[in-house]
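Summary of structural features
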Amino acid sequence: LLAWVEQHRSFSALAHLAQFYRMTAQVSEACATMQRALQLPLREEPGDLLNGSALGYEIAAAAYRAQRYGCAEQLARTLRDKEVDRYTRERFELPLRGLQAAAVWMQGRRDEARALVQSDGLVEKDPFYRDQEAALPKLAQAIQRGDSAVLRSWRPAHTGQFEQAAFSSLDLPGLLGLRQ
């Protein structure tokens, strides 16, 4: 995988390597690799379906759970800024902003965290995609109330659900020249 990534340096290749590191509990390596990935353009490569925010969100969430708040904040902010697909941008706006706000809060920047959730309270306008376990409105309320205990115990949504589809958008065996 490392050799393939070096030969196919792209956002997607590095993001999938970061997923490998996350799934093998190497959070520091996952953070560093995703940060490298975000320095490259977010675009589909041959044999790939770009899933930038989905791939990056999982790394940011793992960083938050590992108390690597600076990494979680940076990844969430950068993904919000760089996402090129309008649908994906809308889909991940609230989870990424909530994660960013929580990470900012945990770094002691309370006013900045409050500002990130103040405009809409992280309430989904279209409930079709609402993840009931995310409790994003409750997270926003905890930030507004200054409830650090909730922020310490909060777990970002979607984590642990990516493994089944981790490489589904990438024909890795084919790209590596392996037989199916």
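Scroll up to find the structure.
In this report, the structure presented in the accompanying data block is examined. (Residues numbered from 1 in each chain as written. Predicted model: local features only at pLDDT ≥ 70, side-chain atom pairs only at ≥ 80, totals over all residues. Heavy atoms only, no water.)

1. Topic: the packing of aromatic side chains
Within a pair of aromatic rings, the relevant descriptors are the distance that separates the centres and the angle that separates the planes. For the structure shown, the criterion picks out four aromatic pairs. On the numbers, 5.8 Å between centres and 55° between planes, the contact of Phe 20 with Tyr 21 is tilted. The exposure class assigned to Tyr 21 is buried, which follows from its relative accessible area of 14%. Judged by centre distance (5.1 Å) and plane angle (65°), the ring pair of Tyr 64 and Tyr 69 falls under edge-to-face. Exposure class is identical for Tyr 64 and Tyr 69. Each is buried. Following the ring pairs from residue to residue traces out a cluster consisting of Tyr 64, Tyr 69 and Trp 154. The side chain of Arg 91 reaches across the aromatic face of Phe 92, ending 5.1 Å from its centre. Here the guanidinium or amino end of Arg 110 rests over the ring plane of Trp 105, the centre of that ring lying 4.2 Å away. (Phe/Tyr/Trp six-rings, centres within 6.5 Å; stacked < 30°, edge-to-face > 60°. Buried < 20%, exposed > 50% of the residue type's maximum accessible area, 1.4 Å probe, protein only. Lys NZ or Arg CZ within 6 Å of the ring centre and 35° of its normal.)

2. Overview of helix H4 (residues 52-65)
Helix length check: H4 (14 residues) gives 20 Å between terminal C-alpha atoms against 20 Å at 1.5 Å per residue, within 8%. Counting buried positions along H4 gives 13 out of 14 residues, so the element sits mostly inside the fold. Two residues or fewer after H4 comes Gln 67, characterised by a positive phi angle close to 60°. (Helix = DSSP H or I, 4+ residues; strand = E, 2+ residues; numbered from the N terminus. Expected span 1.5 Å × (residues − 1).)

3. As for the nonpolar core
In terms of nonpolar packing, the biggest core is built from 51 residues, with Phe 11, Met 34, Tyr 64, Leu 139, Ile 143 and Leu 151 touching the most fellow members. Those elements that place two or more of their residues in this core are helix H1 (2-7), helix H2 (11-23), helix H3 (27-37), H4, helix H5 (69-82), helix H6 (86-106), helix H7 (110-118) and helix H8 (136-145). (Core = buried A, V, L, I, M, F, W, Y, C linked by side-chain atoms within 4.5 Å.)

Structural measurements only, silent on function.
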